[in-house]
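# Structure assessment
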Amino acid sequence: MSKITILTGAGISAESGLETFRAADGLWAQHRVEDVATPEGFERDPKLVVDFYNARRKQASEVSPNAAHKALARLQQMYAGQVVIVTQNVDDLHEQGGATGVIHMHGALKSALCAACGNRWAAPIVMAHGDACPVCTRPSARPDIVWFGEMPYQMDEIFDHLMETDIFAAIGTSGNVYPAAGFVAEARRSGAHTVELNLERTAAGNQFAEHRVGPASKEVPQWVDDLLASQK
Ligand code: BV8
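### A closer look at the nonpolar core
- In this structure, Y53 and W147 are the most contacted members of the largest nonpolar core, which totals 25 residues.
- With five residues, helix 5 (residues 46-61) is the single largest residue contributor to this core.
- Leaving out residues up to four positions away in the same chain, W147 has contacts with V36, A37, T38, P39, F42, V49, Y53 and R142.

Here it is in structure tokens:
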């Protein structure tokens, strides 16, 4: 029974209307990373950071999954082997598109985290700095997001999947951020077939055996059709 491990990035949600990070007009063109996506930035100006994620949480609540998200859910439902989705994205469009067991390695907009006791709960659409944790009651709520310099979530589980996967696909990610950008090398070491699906060949592209170049809403459904046809 073969196994497919998929890593997604901001590009899979672009056609749903969510901005990517490194596009010319993307999130990192509008905000300094060190101000809104680091613990130091949160320490310096928690309101700026909380408002940055409030705006993204609001945007994410107003968009819908696109054909790429839905195609991956179809693959999970119809593929004979195991299909694991690891996402760098903090939106919940994979789940809205029908995917299950999605690993959010960089956290999730819909989740709040207590910086004091580690408790997690469903984030309100608008968080405020100083919101109390429902468990320890301290005013230590923060967005449940992995910032630069923080350890991504579920890394052991992810590496277990990479070590035994037969196919590794990276969809809509520029391959700039580690450890996610190192997953393709790990998968190759395990002998997996590697495929990059992206609007363009990325700088990391030469690490992949196969490339499917074009918008995710077109390339991902086609890739899924080919995978399902090949298993017949
Ligand atoms: C850690 C928060 C250690 C969530 C994010 C030097 C070398 C190696 C590593 C480092 C280094 N210096 C520092 C580091 C570590 C650092 C890092 O990698 N820095 C980089 C910049 C060099 N990494 C970290 O800090 C990580 N933690 O290493 O911890 C540690 C060890 C022990 C103990 C404690 C800690 C944490 C990384 C997570 C940071 N958080 N964001 C949020 O705000 O959303 S990263 C941010 O960038 C996002 O989360 C996103 O996941 C990530 C990658 O972005 P992409 O998803 O790839 O988006 P991008 O815009 O870049 O690209 C979009 C792509 O889509 C493009 O290729 C485009 O062509 C394509 N596309 C566009 N439209 C479409 C499309 N494709 C298809 N169809 C379309 N329509």
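### With respect to the site of the ligand
- Among the 34 residues in the neighbourhood of the ligand, the closest are listed as F21, R22, G149, S174 and Y178.
- The side chain of R22 places a nitrogen or oxygen atom 2.6 Å from an oxygen atom of the ligand.
- Those elements giving two or more residues to the shell around the ligand turn out to be helix 1 (11-14) and helix 5.
- Taken together, the residues of the shell around the ligand break down into 16 nonpolar, 13 polar and five charged.

### Side note on the pattern of salt bridges
- Taken as a whole and assessed by the stated rule, the structure comprises 14 salt bridges.
- Among the ionic pairs, K3 bridges to E164, the shortest N-O distance being 2.6 Å. Taken together, the residues K3 in strand 1 (residues 3-8) and E164 in helix 8 (residues 155-164) connect sequence positions 161 residues apart.
- For K3, a relative accessible area of 5% puts it in the buried group.
- Classification of E164 by relative accessible area gives partly exposed; the value is 49%.
- Measuring nitrogen to oxygen at the nearest pair gives 2.9 Å for the salt bridge that ties R32 to D35.
- Within the structure, one salt-bridge network assembled from shared partners comprises R32, E34, D35 and R44.

### A word on the pairing of strand 7 (residues 167-171)
- Most of strand 7 sits inside the fold, with five of its five residues counted as buried.
- The alternating pattern of strand 7 places I167, A169 and I171 and F168 and A170 on opposite faces, both of which are buried.
- Bridging between strand 1 and strand 7 involves five bridges; their strand directions are parallel. Each bridged residue has a counterpart across the sheet, and for L7 the counterpart in strand 7 is A170.
- With five bridges connecting them, strand 7 and strand 8 (residues 193-198) associate as parallel partners. If you follow I167 over to strand 8, its bridge partner there is H193.
- As for the winding sense of the linkage, the β-α-β connection from strand 7 through helix 9 (residues 183-189) to strand 8 is right-handed.

### Let's talk about the packing of aromatic side chains
- Counting across every chain of the model gives seven aromatic pairs.
- Ring geometry for F21 against W28: centres 4.9 Å apart, planes inclined by 50°, an arrangement best described as tilted.
- Judged by centre distance (5.1 Å) and plane angle (40°), the ring pair of F42 and W147 falls under tilted. Of this pair, F42 sits in helix 4 (residues 39-44) while W147 is found in the loop between strand 6 (141-145) and helix 8, placing the two residues 105 residues apart along the sequence. For the pair formed by F42 and W147, the shared burial category is buried.
- Clustering of aromatic rings is evident, with ring pairs tying together F21, W28, F42, F52, Y53 and W147.
- Positioned over the ring face of Y153 is R120, at 4.8 Å from the centre of the ring.
- Looking at R142, its charged tip hangs above the ring of W147, at a distance of 3.9 Å from the centre.

### So, helix 8
- Residues M155, I158, H161 and L162 constitute the buried set of helix 8. Buried residues of helix 8, seen end-on, are gathered within an arc of 120° and therefore sit on one face of the element. For helix 8, the exposed residues set more than 90 degrees away from the buried face come down to D156 and M163.
- Along its buried surface, helix 8 packs onto strand 1, strand 2 (82-87), strand 3 (103-104), strand 7 and helix 9.

Conventions we followed
Residues numbered from 1 in each chain as written. Predicted model: local features only at pLDDT ≥ 70, side-chain atom pairs only at ≥ 80, totals over all residues. Heavy atoms only, no water. Core = buried A, V, L, I, M, F, W, Y, C linked by side-chain atoms within 4.5 Å. Buried < 20%, exposed > 50% of the residue type's maximum accessible area, 1.4 Å probe, protein only. Helix = DSSP H or I, 4+ residues; strand = E, 2+ residues; numbered from the N terminus. Contact = heavy atoms within 4.5 Å. Near = heavy atom within 4 Å. Polar contact = N/O pair within 3.5 Å; in protein donor to acceptor, adjacent residues only side chain to side chain. Nonpolar A, V, L, I, M, F, W, Y, C, P; charged D, E, K, R; others polar. Salt bridge = Lys/Arg side-chain N within 4 Å of Asp/Glu carboxyl O. Pairing = 2+ DSSP bridges. Right-handed = clockwise from strand over helix to strand, strands pointing away. Phe/Tyr/Trp six-rings, centres within 6.5 Å; stacked < 30°, edge-to-face > 60°. Lys NZ or Arg CZ within 6 Å of the ring centre and 35° of its normal. Arc of directions from axis to C-beta.

Any functional reading would require information that these geometric values do not contain.
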